[in-house]
Each structure stands twice: as structure tokens, then as C-alpha cells.
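# Fold and contact review
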Amino acid sequence: MILYITVAVVTALLASLVDSHPTRQSHTLTRQQLCNRVCLTAIFLILFLLSACRLNVGNDYAKYVEFMHLVNCNAYVPTEIGFNLLVKLIYGLSGYENFLLVFAFYSFVTVLFFLLAMYEQSDEFGLTFFLFMTLGYYFQTFSTVRYYLALALALYSMKFVLRRQWGRFVILILLGATFHKSLLVVIPLYFLASLRWKKWQLGIAAVFCTTFLFLQDFYLKLVVFLYPTYEDTEYLEGGTSYISILRCAAVLTFAGIVYLMRRREVGNQNDMGVANDSKDETGINGEKNVTNIEEGEAWNRRFRFYTYLNLGALVLYVFCSFLPIISRIGYYLMVSQILFLPMLLKAVPDKKWRRLFRAGLLLAAVLYFAMYLKKGANDGVLILPYKTFFFNEMVDILSDVT
């Protein structure tokens, strides 16, 4: 636990030195850009090495080793073609069942795409990274490695959705789905969240949500069709997460407060601008006004997208608790919170309120992290104790004892 806390503190301090929107100078590397490169490289190496050097750390580490063994033996496994081909390639090049290198590959790609997504899309990289660590996203990559690679790609793909670059978005998602097919759900979900919904359309969507209460058997059959290995297993028991419901509700409440504060502030500025000189309509001031309008539209587009993602996650957790894959779908939507919260915090017009909200957010994140580490040795998490292949040996897998 001390190791994890130390890593979280050190990397968060390094992240606080990063400015993801530095002032650029042609043909010149500024001090801030150099600082960004050094800090980001250090963060990446720390997170990658901690993950890549682990041994039997994570809820399903041994299960994945078993899957890799079966893939190498050309036996049936319920994993996607991307995972299977990667295992065959690494095992073939290594000349033996080098599962450590497979986990290292996943660690490398997952951490890389998470960092790229946060650096390119966050309004405040330091805060986004802090939430990434304290909300457990990084440490959960030790488990369900295929899914968290897909989650990293989902977060990265959000920039293509906001830019309306649908071709790049679909290609990236299809590629990621070869490692975890649940990623395909973000194609319709992210598209729907990007739309500008009218009130009557939201009403129809609300009516549709009631079908989850009356057509549960139909939706369960659909899940079994998509995941045949779930049939007649404990995975069909479903369940929900009250913590996730609370998080989504809190984020949406905060979003509503910030939206009202921002709207009032814009209204006050417009009232003050009525008496402005007509020269403001042209020249430099005119160009500035156009820029402000464009920035305002971009902010509103991001606000709607992130809001609908969290609203969708809340609906899923409340109405679809019977679905066995609800947590996976919900996380594809909830992961946007590490981008949404810094954006909202930056938009708070009053400095005193901004400091108060920041303090509350940091405190809530630290408490969440403490609760997460407290159950780190429990079944379903199993990130504690940390073990590395330098000092430990892998336990026998199922194929070794049967």
C-alpha cells in the first residue's frame, strides 16, 4: 500500500508541473515544453514499469496466464482475435510462453493511450491525472487488462467524436474491439451523446428507458447472444454500483450548478457590453468576439457530450442493474469524468467558489482512493500485496494442476 501511495503522490506532483496548453514558439523549444516532455516521460516510465514488473497482481492475472497457455496450445478461449494473435506472436518470437512480455505490452499501450488522452483533451492535466490515479483507473489496469486497454482507447476516441471525425473514431474503435468486443457499444452511445437533443426527444428516450423494467428477459437474451460464454454462469446475475450512481449524480449536480453560474456570468457581461462603443464590432475587437463565440460553442458542445455520457451512465446503473455487463458499459461513459470535472472547475467564474469546489473535489478523490486501497486485497480487486517477478515465482495455473 505504501508503494502505491508513493507512486500516486510522486506522479501527481510531476503531473502538476505539466501544462497541456503551452505557449508555442516556432523553431524553439520553450522551457515549459521541455518540462512537459521530462515530466510526462517520467510519469509514463513509473506507471509502465510498476505495471509491467508485477507478477500475479490483479484479480484475473492467473486466469489470463491460463488463457495464453490455451491460445498457445490452439485450444478454445473466450477471448478476441487481437488478444489471441498477440499472444501467438509474442510466444512465437520468445520461443516459450513469455506471459510477462504480453502483460508488459498491455501495460505499455494502456498507459500510453491514457496519458495521450488526458494530455490532449484535459483543461488541466494535473487535476485530470490526479483523478485518474485516485479514482482507481490506473490500478484497475492490473486486472481485466483487455478491458482497460479498450477503456483507454475509448477515452482517447472522445476527441474524434467532438471533432466530428467519425471515420477515425470508428476505425479506432473497431481496432480496439479486436481486443475487447464490448468496446463496440461506444459507437452508438458516443454518437447519441454527441447529438443536440431536444426536450421531446429526451422525453421519448425516458419512455424507452422504462422498457428495461419490463423487457429484462429480452435484453438478457441479447447479452447472451453477444457473450455466449455467459450462459448459465454467475456472470448473468447482474448487479449495480451505488458508488457509481452517487458519482454520476454528484457530477451532474455540479454540472448544473456550473452551467447556471456560467450562464448568469455571460448574461451580466452582455448587459455591460450594451453600452460598448461601436468600434468593438470591427477590427481586433471584432476578431476577438468571433473567437469568443467559437470558443463558447466548443465549450457547449463538450459540456453536452460529457453531460449526456454521465446521464447515460446514471440511467444504466439505475434501470439496467439486471445486465451482467452494466459496469463495463457504465465505465465507458463514466471515464469522461476525469475530463469533465476539470473543465467544469475551470468554468466557475467566481474564484472563491472555484477554490471551494476544488477543495471539495480533491477531498472526495482522496477519500475514494483511501477506500479503494483499503479493499485492495479483497477478491475482485487483488492489487495487494504487490509482487514482482524479480523476487517471486508464478503460481501454478489450472492447466498445471489438472
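Rules behind the numbers
- Residues numbered from 1 in each chain as written.
- Predicted model: local features only at pLDDT ≥ 70, side-chain atom pairs only at ≥ 80, totals over all residues.
- Heavy atoms only, no water.
- Phe/Tyr/Trp six-rings, centres within 6.5 Å; stacked < 30°, edge-to-face > 60°.
- Helix = DSSP H or I, 4+ residues; strand = E, 2+ residues; numbered from the N terminus.
- Buried < 20%, exposed > 50% of the residue type's maximum accessible area, 1.4 Å probe, protein only.
- pLDDT = per-residue confidence, 0-100.
- Contact = heavy atoms within 4.5 Å.
- Axes fitted to C-alpha atoms, helices over the stretch in contact; angles between N-to-C directions.
- Parallel < 35°, antiparallel > 145°, perpendicular 65-115°, else oblique.
- Left-handed = near helix turned anticlockwise from the far one by under 90°.
- Nonpolar A, V, L, I, M, F, W, Y, C, P; charged D, E, K, R; others polar.
- Disulfide = S-S within 2.5 Å.
- Core = buried A, V, L, I, M, F, W, Y, C linked by side-chain atoms within 4.5 Å.
- Expected span 1.5 Å × (residues − 1).
- 1 Å grid on protein atoms, 1.4 Å probe; cavity = no way out; pocket = protein on both sides within 12 Å on 5 of 7 lines; lining within 4 Å.
- Points joined across faces, edges and corners; volume = space filled by probe spheres on them.
- Salt bridge = Lys/Arg side-chain N within 4 Å of Asp/Glu carboxyl O.
- Polar contact = N/O pair within 3.5 Å; in protein donor to acceptor, adjacent residues only side chain to side chain.

## Quick word on the packing of aromatic side chains
- Evaluation of the coordinates by the stated rule reveals 42 aromatic pairs.
- Consider the rings of F113 and Y156, whose centres lie 5.3 Å apart with planes at 85°: the pair is edge-to-face. With F113 in helix 5 (residues 99-121) and Y156 in helix 8 (residues 145-162), this residue pair connects regions lying 43 residues apart in the sequence.
- Using a relative accessible area of 12% as the deciding quantity, one classes Y156 as buried.
- Summarising the aromatic geometry, the rings of W299 and F303 are spaced 5.1 Å apart at their centres and angled 15° between planes, so their arrangement reads as stacked. Pair noted here: W299 and F303 are both in helix 15 (residues 283-319), with a separation of 4 residues, about one helical turn.
- A connected cluster of aromatic rings, assembled from ring pairs, spans Y4, F114, Y119, F125, F129, F132, Y138, F139, F142, F369 and Y386.

## Comments concerning the confidence of the model for the protein
- Averaged over all residues, the pLDDT of the protein equals 89, while 90% of them reach at least 70.
- Overall, residues 277-285 carries pLDDT values under 50, and its contacts beyond four positions in sequence, including any with other chains, amount to 4 contacts.

## A look at the packing of helix 3 (residues 61-72) against helix 5
- Interhelical geometry of helix 3 versus helix 5 gives an angle of 115° and a closest axis separation of 10 Å. Taken as axis vectors, helix 3 and helix 5 run roughly perpendicular relative to one another. Pair helix 3 / helix 5 crosses with right-handed handedness. Between helix 3 and helix 5, the contacting residues are Y61, Y64, V65 and M68 on the first element and F99, L100, V102 and F103 on the second.
- Residues of the contact of helix 3 with helix 5, tallied by class, amount to 8 nonpolar, no polar and no charged.

## A look at the packing of helix 6 (residues 125-134) against helix 18 (residues 351-374)
- It is the contact of helix 6 with helix 18, at a shortest axis distance of 9 Å, that shows an interaxial angle of 25°. The angle between helix 6 and helix 18 places the two elements in the roughly parallel class. Contacts from L127, F130, L131, M133 and T134 in helix 6 reach R358, L361, L362, A365, V366, Y368 and F369 in helix 18.
- Here the contact of helix 6 with helix 18 is built from residues that sort into 10 nonpolar, 1 polar and 1 charged.

## Brief notes about the state of the cysteines
- This model, assessed by the stated rule, comprises 0 disulfides.
- Not part of a disulfide, C320 finds its nearest cysteine sulfur in C209, a span of 7.1 Å.
- The exposure class of C320 is buried, given its relative accessible area of 0%.

## Let's talk about the nonpolar core
- Ranked by size, the top nonpolar core spans 129 residues in total, and within it F125, F129, F132, Y137, F139, Y190 and I383 carry the most contacts.
- By residue number, the principal contributor to this core is helix 8, which donates 15 residues.
- Among residues more than four places away in sequence, those in contact with F139 are Y4, L50, M133, F369, Y372 and I383.

## Regarding the environment of A313
- In this structure, A313 sits in helix 15.
- When its relative accessible area of 0% is taken as the criterion, A313 is described as buried.
- Residues A313 and M334 lie 21 residues apart in sequence; the distance between their C-alpha atoms is 6.4 Å.
- In this structure, A313 is in contact with C248, G330, L333 and M334, ignoring residues within four places of it in sequence.

## With respect to helix 3
- When the terminal C-alpha atoms of helix 3 are compared, their 17 Å separation across 12 residues agrees well with the 16 Å that a helix rising 1.5 Å per residue should span.
- Within two residues after helix 3, N74 carries a phi angle of roughly 60°, on the positive side.

## With respect to empty space enclosed by the protein
- Inspection of the entire model under this criterion finds 1 cavity of 30 Å³ or more.
- Computed from the structure, the largest cavity encloses a volume of approximately 50 Å³.
- Lining the largest cavity are S51, R54, Y106, S107, T110, V111, T141 and V145.
- The residue inventory of the lining of the largest cavity, partitioned by class, reads 3 nonpolar, 4 polar and 1 charged.

## Quick word on the pattern of salt bridges
- The final tally for this structure, using the stated rule, is 4 salt bridges.
- In this structure, R302 engages D123 in a salt bridge whose closest nitrogen and oxygen atoms are separated by 2.6 Å. Of this pair, R302 sits in helix 15 while D123 sits in the loop between helix 5 and helix 6, and the two are 179 residues apart along the sequence. Each member of the pair, R302 as well as D123, carries the same accessibility label: buried.
- The salt bridge involving E124 is made with R358; its shortest N-O contact spans 2.9 Å. Of the two residues, E124 sits in the loop between helix 5 and helix 6 while R358 sits in helix 18, which places them 234 residues apart along the sequence.

## Points about the side chain of T11
- In this fold, T11 is placed in helix 1 (residues 2-16).
- A polar side-chain atom of T11 sits 2.6 Å from the main-chain carbonyl oxygen of V7.
- Residues within four places of T11 in sequence aside, it is in contact with I43, I46, L47, F129 and M133.

## A short note on unusual backbone geometry
- The omega torsion across L384 and P385 is -5°, close enough to zero to call that bond cis.
- Relative to the assigned elements, P385 resides in the loop between helix 18 and helix 19 (398-401).
- Even without being a glycine, T144 presents a positive backbone phi close to 40°.
- Position of T144 among the secondary structure elements: in the loop between helix 7 (137-140) and helix 8.
- You can call T144 partly exposed: its relative accessible area is 23%.

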